[in-house]
Amino acid sequence: MPNIVLTIVPCSHSPPTSFAIVLSNGIVARETNHETHNFLSGIIAIINGTSNVPQRPSIFSPDEKCPNCQYGLYRDETDQYQWNPNGQGLIQERFDFPIFAVYPINGRAIFSYNLIMEGAANNLRKSFNQYPLRAVELSSFMWSAIDASTCLRRGIRALFHTLTLGVDNGVSGTVALLAVADAISRSQVAFDNLPKHILYTLFDGEAWGFAGSSRFVADITQFNCQIKGSAKGCPFKGGCGFPCKQDLDFTRINFTNIESIFEFSQVGMNTKGFYVHVDSNSTVNVDLINKMNNISATINNGSAFVQAASANGINNKLPPSSSMAFLEKNRSLAAVVLGDFQYNLTNEYDDAFNVPDDSIVDSICSIANVTAQTVWLQAQGPNYSNISISYGQPGFMPTLAYNYLLALNSSLASCKVPTDCQNGESCYMSRCTKTLTRYHDAYGAGLQYNQDGKLFVTDPTKATWVEST
């Protein structure tokens with residue numbers, strides 16, 4: 001779609017020559033001069049025609065060139081590797097004009113879309129100077145704030161949250177983790193006989209300063225329940241009233257007993273091979289890389305399809321990853337991040353709308369197979385824990401993952417409603433389910449709740465992402 005300019009109805013607070021720009025989602029926003037900014041009343045972003053599948057740009061990314069580097073393991077390094085070379089950093093920018101997204105997938109949105117496109121086409125035909133021209137009035141506002149503290153204080157709750165995804169966003173990795181859990185659950189060896197525990201974690205909010213993983217690590221290392229049971233502002237009967245937690249099972253995880261971490265990044269876009277990224281070529285990391293390399297060769301007729309990302313002699317260290325939150329506490333942990341890329345994140349939009357063909361299934365299955373066998377081997381040693389982690393997704397993904405893992409690792413009894421079950425059980429698919437699968441809050445480590453259930457900033461140097469309306 002070409003860039004189209006719409007003349008706006010003059011308002012008392014706007015010059016008579018003010019205008020709005022209608023852009024397709026694939027147009028790269030570029031800096032305009034100050035004089036143009038004075039007359040720009042807003043931008044209308046057309047997400048895509050009337051298709052249910054977002055048509056996202058492939059030549060640039062709204063995220064930064066080095067996503068989340070200000071919150072990651074290498075934040076103090078001056079020469080940070082750019083994992084996302086197409087990044088424009090738009091999700092970090094401040095704009096002094098409103099931006100409206102039109103996503104025509106329902107009746108009301110389609111009606112608005114048709115009016116806008118009709119008016120834009122009319123003005124284009126008239127070369128924008130043959131009156132009368134069509135106009136648009138931007139009567140809604142995005143309530144923004146200077147910073148997280150101001151936003152929270154004003155009680156207003158960012159830029160098209162579910163459409164402008166961070167680059168470290170991987171549905172393929174989430175599916176791979178669930179496949180590993182499924183494979184290991186079919187083991188003929190009873191889990192009670194394993195000398196190590198296997199813990200599956202899926203983190204949400206990672207694109208926003210590693211919110212999920214940083215909160216999880218903070219809570220398992222230094223959580224202090226000040227009010228047990230019910231408390232004002234906390235809807236849960238059990239667990240901790242303040243800070244509000246539905247249960248305290250996470251406190252049973254001893255951070256010092258974590259031995260190794262396997263993390264999935266994007267693993268669905270390359271069927272030719274996978275790369276293992278590590279913070280350093282320590283003995284424990286090299287051992288994990290060799291195990292995965294050997295297993296992949298065994299299941300692929302002697303040809304290994306998993307190798308070290310630093311096989312070319314250059315170690316760019318870890319891409320944006322949840323493992324960093326764990327390594328912040330213990331840099332000597334064995335931690336590998338598995339991806340279908342060696343140098344750069346190969347696909348900005350690794351989500352449910354971007355499945356190229358059935359090859360993604362083969363890709364996910366192959367790396368899940370290798371990882372499941374490696375994790376199983378690791379579980380045969382001293383009594384320490386292995387963690388297998390993946391990025392979570394906004395919306396339905398945490399629920400899907402919860403129910404899937406719950407069904408794989410649970411004991412069952414009949415039920416019709418939740419009250420038919422005992423304390424600590426859930427009614428899932430007409431069965432009372434007692435499981436170690438749990439939800440855990442995913443908000444930045446720089447934020448905390450007070451006893452009234454309101455969020456406030458405790459450490460501005462850490463991630464404090466909040467969302468405005």
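Named according to an unreviewed UniProt entry, the chain is 10222_t:CDS:1 originating from Cetraspora pellucida.

**A few points about helix 2 (residues 107–125)**
Since there are 3.6 residues in each turn of an α-helix, residues three or four apart along the chain are aligned in direction. Helix length check: helix 2 (19 residues) gives 27 Å between terminal C-alpha atoms against 27 Å at 1.5 Å per residue, within 8%. Where helix 2 is concerned, the buried positions are A109, Y113, I116, M117, G119, A120, N122 and N123. Within two residues after helix 2, S127 carries a phi angle of roughly 55 degrees, on the positive side.

**Examining the pairing of strand 9 (residues 274–277)**
Burial along strand 9 is two-sided: the residues F274 and V276 and Y275 and H277 are all buried. Both strand 9 and strand 10 (residues 306–308) contribute to a ladder of three bridges, which runs parallel. Each residue of the ladder has a partner; that of F274, found in strand 10, is V306. Assessed by its sense of winding, the connection that carries the chain from strand 9 through helix 6 (residues 283–299) to strand 10 is right-handed.

**A word on helix 8 (residues 359–378)**
For helix 8, spanning 20 residues, the distance from its first C-alpha to its last is 29 Å, which sits close to the expected 28 Å at 1.5 Å a residue. Every buried residue of helix 8 is accounted for by I360, S363, I364, I367, A368, V370, T371, A372, T374, V375 and Q378.

**Some thoughts on the pairing of strand 11 (residues 334–339)**
In terms of burial, strand 11 is a largely internal element, six of the six residues being buried. Residues A334, V336 and L338 point to one face of strand 11 and A335, V337 and G339 to the other, with burial holding for every one of them. Taken together, the five bridges between strand 8 (residues 258–264) and strand 11 define a ladder with parallel strand orientation. Paired with E263 across the strands is V337, a residue of strand 11. Looking at chain direction, strand 9 and strand 11 are connected through three bridges and run antiparallel. When the bridges of strand 11 are listed, V276 appears paired with L338.

**Let's talk about empty space enclosed by the protein**
Looking at the largest cavity, its volume works out to about 70 Å³. Together, W83, V276, H277, V278, A309, S310, I314, N315, N316, K317 and Q342 line the largest cavity. Looking at side-chain class alone, the lining of the largest cavity contains five nonpolar, five polar and one charged residues.

**Looking at the packing of aromatic side chains**
How two aromatic rings sit relative to each other is given by the distance of their centres and the angle of their planes. Applying the stated criterion across every chain, the model contains nine aromatic pairs. In textbook terms, an aromatic cluster arises when at least three aromatic residues are bridged by ring pairs, as seen for F203, F216, F255 and F326. Directly above the aromatic system of F250 lies the positively charged group of K245, at a separation of 5.9 Å from the ring centroid.

**Some thoughts on the confidence of the model for the chain**
The share of residues in the chain with pLDDT of 70 or more is 76%, and the mean pLDDT across the chain is 78. Low pLDDT (under 50) marks residues 1–16, which in the prediction has 43 contacts with non-local residues, meaning those over four places away or in another chain. The model gives residues 26–36 a pLDDT under 50, and that stretch makes twelve contacts with residues more than four places away or in other chains.

**Observations concerning the state of the cysteines**
Summed over the entire model, instances satisfying the criterion amount to three disulfides. Disulfide pairing places C66 opposite C69 at an S-S distance of 1.7 Å. Between C66 and C69, the S-S dihedral sits near -50 degrees, and the bridge is therefore left-handed. The pair formed by C66 and C69 is uniform in burial state, with each residue classed as buried.

**Regarding the nonpolar core**
Nonpolar side chains tend to gather and get buried jointly when the protein is soluble and globular. Ranked by internal contacts, the top residues of the largest apolar core, which has 32 residues, are F264 and V306. Going through the elements one at a time, helix 4 (171–185), strand 8, strand 9, helix 6, strand 10, strand 11, helix 8 and helix 9 (397–408) are the ones with two or more residues in this core. Considering every element that reaches this core, the biggest residue donor is helix 8, with seven residues. When residues no more than four places from it in sequence are discounted, the contact partners of V306 are F274, V276, M292, N293, S296, I367 and V370.

**Quick word on the pattern of salt bridges**
According to the stated counting rule, one finds twelve salt bridges in the structure shown. Ionic pairing is found between E77 and K317, a salt bridge with its closest N-O pair at 3.0 Å. In this structure, the salt-bridge partner of D279 is R331, at a minimum N-O distance of 2.7 Å. Of this pair, D279 sits in the loop between strand 9 and helix 6 while R331 sits in the loop between helix 7 (323–329) and strand 11, and the two are 52 residues apart along the sequence.

**A few points about unusual backbone geometry**
A cis amide bond links F242 to the next residue, P243, at an omega of -10 degrees. Tracing the backbone through its elements, the reader meets P243 in the loop between strand 7 (240–242) and strand 8. Not every positive phi belongs to a glycine, and N68 is a case in point at roughly 60 degrees. Topologically, N68 is positioned in the loop between strand 3 (40–46) and strand 4 (99–102). A positive phi is found at F210, a non-glycine position, where the angle reads about 55 degrees. Relative to the elements of secondary structure, F210 occurs in the loop between strand 5 (197–203) and helix 5 (211–222).

**Section: the packing of helix 4 against helix 8**
Two elements in contact, helix 4 and helix 8, have axes whose closest approach is 8 Å; the angle formed by their N-to-C orientations is 50 degrees. Taken together, the axis directions place helix 4 and helix 8 in an arrangement best described as oblique. For the crossing formed where helix 4 meets helix 8, the hand is right-handed. Residues S172, V175, A176, A179, V180, A183 and I184 of helix 4 touch helix 8, and the partners they reach there are I364, A368, T371, A372, V375 and W376. Within the contact of helix 4 with helix 8, the residues separate by chemical class into eleven nonpolar, two polar and no charged.

What counts and how
Residues numbered from 1 in each chain as written. Predicted model: local features only at pLDDT ≥ 70, side-chain atom pairs only at ≥ 80, totals over all residues. Heavy atoms only, no water. Helix = DSSP H or I, 4+ residues; strand = E, 2+ residues; numbered from the N terminus. Expected span 1.5 Å × (residues − 1). Buried < 20%, exposed > 50% of the residue type's maximum accessible area, 1.4 Å probe, protein only. Pairing = 2+ DSSP bridges. Right-handed = clockwise from strand over helix to strand, strands pointing away. 1 Å grid on protein atoms, 1.4 Å probe; cavity = no way out; pocket = protein on both sides within 12 Å on 5 of 7 lines; lining within 4 Å. Points joined across faces, edges and corners; volume = space filled by probe spheres on them. Nonpolar A, V, L, I, M, F, W, Y, C, P; charged D, E, K, R; others polar. Phe/Tyr/Trp six-rings, centres within 6.5 Å; stacked < 30°, edge-to-face > 60°. Lys NZ or Arg CZ within 6 Å of the ring centre and 35° of its normal. pLDDT = per-residue confidence, 0-100. Contact = heavy atoms within 4.5 Å. Disulfide = S-S within 2.5 Å. Core = buried A, V, L, I, M, F, W, Y, C linked by side-chain atoms within 4.5 Å. Salt bridge = Lys/Arg side-chain N within 4 Å of Asp/Glu carboxyl O. Axes fitted to C-alpha atoms, helices over the stretch in contact; angles between N-to-C directions. Parallel < 35°, antiparallel > 145°, perpendicular 65-115°, else oblique. Left-handed = near helix turned anticlockwise from the far one by under 90°.

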